[in-house]
Each structure stands twice: as C-alpha cells, then as structure tokens.
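Coordinate analysis (summary)
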Amino acid sequence: MEAFQLLSRGGVKFDKKRFQKDVQLFSKEIPKSVATTSQLPDGELPKELDYFKYAAGGSAKRKANGGDGKAAKKRKVEEEPDEDEDEEEHEDVDEDAPPTIRQRVVAKGSNVPPHAETFEALVERYQMSSLLLSNLTANGYKHPTGIQSHGIPILLESRDLAAISPTGTGKTLSYLLPLLCSLGAPSASGKSEAGAGVRAVIVAPTRELAHQINNECMKLAQGRKWRIILFSKATANTMTDKAARDKVDIIISTPLRLVASLKSGSLELDNVRHLILDEADRMLDAEFFPQVEEILAACTHPKIQKAVFSATLPANAEKMAMQMLKDPIRVVIGLKDTPLPLIAQSLTYVADDPSKLPSLLAYLAKPYDPPVLIFTSSQPRATSLAQELVLNGIPNVDCLHAGMTKKEREDAVSRMRRGESWVMISTEVMARGMDFKGIREVINYDFPTSVQSYVHRIGRTGRAGREGKAVTYFTDQDAPYLKTIANVLLQSGSTVPEWILKLPKPSKLKRRQMGKVKREETVNPARKIGRRDAIKKRRDMVAGSKRRTEKEGKVEGEQD
DNA sequence: AAAAAAC
C-alpha cells in the first residue's frame, strides 16, 4: 500500500524523451557494428580509468535544484513494526543526478542528513580535502549521482547505511569517497589519530570486482600515502608480520581470503572503523554469510561504521543487513530489484537448448555493438560456447569464469578493458559490479536463475547514463520462471508479449512440470516470511505498472 | 530453485 501511494503520488517522474536526447551524447563514438568498424574506438579515458565517468555528460541539461525545502515527512509503515518513532522518511525526486539517473529517492531512518547537491558542498560541510575534490575532477566526476549525493553525507556523518541504487549509478564512489574523507593520516605516518592498522575493509564477491574497486580507490587516493591493499594470497604474504600490517589503511578483499588470514592469525581487524559490504545481498546469501559473520566478529572496534550496497536487496537479505547495522539509514534510489529503464530488454524464444547456438550465430551475423557480454549458466557451457563461436569464425571471442587460472581471468578482464574482446562469454562471476564502459549489449544465453541475477547481469550495460540492450533467451524448460522475469521487464519499461503475462503462476507450473506436487510441510516461520515477501513483491509490480500507465498514458491493467 | 564463487 505504502509503495503504491508513494508512486502514485507522482514520486516517480520519468522522462523518456529527455533520456534519449542525453543518451545520444554518448553514442557518437560507439561503432555501429563490427562489420563497418575494423577496430574499437579509443575511449576518452585510459583503460584502467574507464569507471571514472559517472559525472560525465548530462549536466548541461540539468534543471536547477528545487528540492532543498523538501519536507521530512513522518510516516508509519504498518509492515515494519520495528520502526522507531522518530524515524523520518524523506522523499524527493533527485534533480541533482544526471538525467538518466534521475529517480525517486527514499531515505528512511533517524535524523537523515540533507543530501549534498555538489561535491564542492562536501568541502564546506565536511571539510573534505581539496585533494580529494581535485582527484574527483581529474577523473571526470563533475556532479554526484543520486546515491552519491544522498549516501555520501550519511557516511560522512558516521552513520550506518543500507544503500540500494540501480546498476551503473556510481555506488562504489558513494562509499570510497567518504571512506577516504574520514580516514585521516596514513597508518604508516604514525600520525593517525585512530592508531595503526587496517581501518577500513571493503568486501566484494569476486576477485574481479575487488580489483576494480581497488583501482578506483587508488585513483581517488592519489597524492596521499595511504596503503591500500587488494587482498590476495600474495599481498597477504607481505603482511605476515605485525609491523607490516600496522602500516595498512584499507583492505579490499573477497570474504574467504580475509577469513583465511584471520584463521591463520596473520590479520587483525580490531581497529577497523569502516566496513563495507558491496553486493550486499550476495554477501549475505547462504554461501557467503558464514564468512561474512567471521569478518564481522573480527571487527571488534566499538566505533565501527558499517554500510551495505547493492542494486538488489531481497527482503530476507535486507533483514539480515538491518540486523548487522546500528541505527541505519536506508536509502533507495529508484525502484529496488529493478533494471534501469534505459536498458532495452527483450525475451527471445529459442525452443530448446540445441536451438540456442544457431540463434546466437544468426544474431552475431548481423551488425552488433561490440563488446557483447553473453551469460551462460555454468563454466563448461561458457567454455564450449566460446569454442563453438570461434569454430564458427566469430572474431575476438573471449571467455571468463572462475574455473580459469587467476592469470587467465586477469588477461580476459584486461582484454575487455582494452576493447579487444568483441564477444565475451561468462558466468555469474561477471554478473555483479563489473564496469566495462563499452558494453552495449548483454545476452542471457542461459536463463538467469533469479530476478537478482537477471537485474545484475543486464546491469553490465546501460551504465552511467548510456543506453543498453539486453536479450534473454528462453526455452520451454525455462517457462516456469519466465513470468517472474517478464514482470521485471514490464516494471522497467520494456514490453513483453501478452501470452507470457498470461502464464500461470510460476510455482504451480513448476510443480506440474516436475510432476511432483510437494506435500505441504508444516508451516514454519521461514515459509511465512517467504509468502509475505511474495505479496510485497507483487504489490511493487503493480505499482510499477501503474507508473508506466501514468507515464505513457496507456491503460494496462496488470493482474496477478 | 540452482549454479557460481570464495581459499
């Protein structure tokens, strides 16, 4: 009910025409096709810098900000009984962000600090150093995105934060900037007020993402002598003695690597003042959570600030996140678990698995925008698809999955960054966080196994205000989950054939197809939570379609 | 629901 009201009150303003105009600013240097272009154009930025561009473009068309006097509304939400009385909820349309990222903003929590309209405002309000400001400028950041303008002040006021913002909207900078702001003197200088030793930890689910965060962090930190460590076996080995560890300021790592060092006694996290979980829902899922728990347990400093970031945060993950955060502020930019509308999504029927390859070959025979990122469901399928494409004469095919060696993975990423890959076949390892500026098209060769997976996979395109295209193959076998994904398309402004929307409920169909109707177990609390989420979700979808209706003047009654 | 990813 609440979500619906927020939306129908006009909280969502979405101007597609304006988008398209701005998007064209970016289109000029993208090749129309490989057929007409012998090589990829040079990016405006060096390859290692290609994620420094969130502020690029769009600012000229920005409207003056009028959101200053936004009223802090007090609102009770029945579904969330744990809400404090003095919690406030701010709602406004973010006029600050580049137009493509201009979205509804909801900040909820006690004493939410006002957002920052510019990076310069951070210098005045929080004494951000001019060095950081000039590093921002040097790397092409001109104007904060929605999550940056709202999230950074919250973190700078030492508050815990759960930040939900769509893919490609600059979440990394949202935590790196305040982190570097509040870090103070390097540990190695001996002048750090917070004492020696690791003071900040950033955890991410894949090596590639950790590496990318590290790169971004180093660019921002340029000119200061902070020791920033991309944690790996090799770097961990350089820190076996305490004296070396005490010179470290920031560690960026995957969870298991940290846990391994904690267990071997070669790492202390007792002086950590900032802990960031990137891709939070992934970090809190069943496989990663035990490791994250160990990391949390090792971060014993009472003044620790924690923050979680993701584009998707299912209810159970959000619950866990809120439990680990202290008096958190929850910021949602746009709609949770929803792709950006500037990604043109479509579903393609391919009957069965053997029909996929011919479809893909036909697709690649026509002009396309390289590089194309193709997702498969397993490592062997990624490998064999890559081989098939090579055999069929597709140029510059690459493959990346976690079964490859570290070096192979690194090489694949750098070919991607240099624009040498035209067709990249990958698994879920590439689904989250990775920011390759050039990706214009994503193909889900194998159907994603969750809404979250879908949203993150296609979120590899449409980044920083650019247009993107996402094609998802589905077979008869995928039918049980088709409708769920179709609703995501609908919610984010793409169209779906009507028959798909008329499919029966996923669970029923799935059971029927599997030929075994599971006996109803005794209803346990976990099940109840699941049902509640499902209902909530559905409400969000209805709200989404309502929004479309208003925007496009179409009447599209969506049921179920 | 199910594979992938983490060392």
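Residues numbered from 1 in each chain as written. Chains lettered and ligands numbered in written order. Predicted model: local features only at pLDDT ≥ 70, side-chain atom pairs only at ≥ 80, totals over all residues. Heavy atoms only, no water.

The name an unreviewed UniProt entry assigns to chain A is RNA helicase, from the organism Roridomyces roridus. Note on chain A: under the UniProt heading Sequence similarities (unreviewed entry), the record states "Belongs to the DEAD box helicase family. DDX52/ROK1 subfamily." (UniProt positions renumbered as here; feature names shortened; annotations may be inferred.)

Helix and strand content of chain A: 21 helices and 16 strands. The buried share among the 560 residues of chain A stands at 56%. Of all intrachain contacts in chain A linking residues separated by at least 6 positions in sequence, the fraction that spans at least 24 positions is 76%. Surface exposure of chain A reaches about 24,100 Å², of which carbon and sulfur atoms provide 53%. (Helix = DSSP H or I, 4+ residues; strand = E, 2+ residues; numbered from the N terminus. Buried < 20%, exposed > 50% of the residue type's maximum accessible area, 1.4 Å probe, protein only. Contact = heavy atoms within 4.5 Å. Areas by Shrake-Rupley, 256 points an atom, 1.4 Å probe, with all protein chains shown as cover.)

Moving on to the UniProt feature "domain: Helicase ATP-binding" (unreviewed entry) in chain A. Mapped onto this structure's residue numbering, the UniProt feature "domain: Helicase ATP-binding" (unreviewed entry) falls at residues 152–331. Helix makes up 41% of residues 152–331 and strand 16%, whereas the separation of the span's terminal C-alpha atoms amounts to 11 Å.

Let's shift gears to the nonpolar core. The nonpolar side chains of a soluble globular protein tend to be buried, and buried together. One finds Ile250, Ile374, Leu389 and Val423 to be the most contacted residues of the largest nonpolar core, which totals 83 residues. Viewed by domain, this core spans two of them, domain 1 (31–46 + 63–333) and domain 2 (343–518), each represented by three or more residues. Apart from the residues within four sequence positions on either side, Val423 is in contact with Leu364, Tyr368, Val372, Ile374, Leu389, Ile394, Asn396, Val397 and Asp398. In this structure, Phe231, Ala280, Leu284 and Val308 belong to the second largest nonpolar core, which totals 36 residues. (Core = buried A, V, L, I, M, F, W, Y, C linked by side-chain atoms within 4.5 Å. Domains from an automatic or database assignment.)

As a further point, take the packing of aromatic side chains. The final tally for this structure, using the stated rule, is four aromatic pairs. Note on Tyr349 and Phe474: the rings are 5.5 Å apart at their centroids and 50 degrees apart in plane angle, and the pair reads as tilted. Highlighted residues: Tyr349 in strand β11 (residues 343–349) and Phe474 in strand β16 (residues 468–474), separated in sequence by 125 residues. In this structure Tyr349 comes out as partly exposed when scored by relative accessible area, which is 45%. (Phe/Tyr/Trp six-rings, centres within 6.5 Å; stacked < 30°, edge-to-face > 60°.)

Here the focus is the UniProt feature "domain: Helicase C-terminal" (unreviewed entry) in chain A. When the UniProt feature table is mapped onto this chain numbering, "domain: Helicase C-terminal" (unreviewed entry) sits at residues 356–504. This span, residues 356–504, is 41% helix and 15% strand, and a straight line between its end C-alpha atoms measures 25 Å.

As a matter of local geometry, DNA strand B sits amid 20 residues, with Ser378, Gln379, Arg409, Thr427 and Thr449 nearest to it. In DNA strand B, atoms within 4 Å of the protein come 59% from sugar and phosphate. Contacts to DNA strand B include Glu287, whose side-chain N or O atom sits 2.8 Å from a base nitrogen. Between a phosphate oxygen of DNA strand B and a side-chain N or O atom of Thr427, the distance comes to 2.6 Å. Looking at the surface near DNA strand B residue by residue, the class counts come to five nonpolar, 10 polar and five charged. (Near = heavy atom within 4 Å. Polar contact = N/O pair within 3.5 Å; in protein donor to acceptor, adjacent residues only side chain to side chain. Nonpolar A, V, L, I, M, F, W, Y, C, P; charged D, E, K, R; others polar.)

In spatial order, the strands read β11-β16-β15-β12-β14-β13; together these six strands make up an open sheet with parallel pairing. Two strands in the sheet have a free side with no partner beyond their single neighbour: β11 and β13 (397–400). Sheet twist, expressed as the mean angle between neighbouring strand axes with direction ignored, is 20 degrees. By the bridge criterion, four bridges tie strand β12 (residues 372–375) to strand β14 (residues 423–426) in an arrangement that is parallel. Residue pairing across strands places Leu373 opposite Met424, the latter belonging to β14. The strands touched by helix α17 (residues 451–458) within the sheet are β11, β12, β15 (441–444) and β16, with β15 carrying the most contacts at an inclination of about 150 degrees. The sheet strands contacting helix α18 (residues 479–491) are β11 and β16, and the helix crosses β11 at an angle near 155 degrees. (Pairing = 2+ DSSP bridges. Axes fitted to C-alpha atoms, helices over the stretch in contact; angles between N-to-C directions.)

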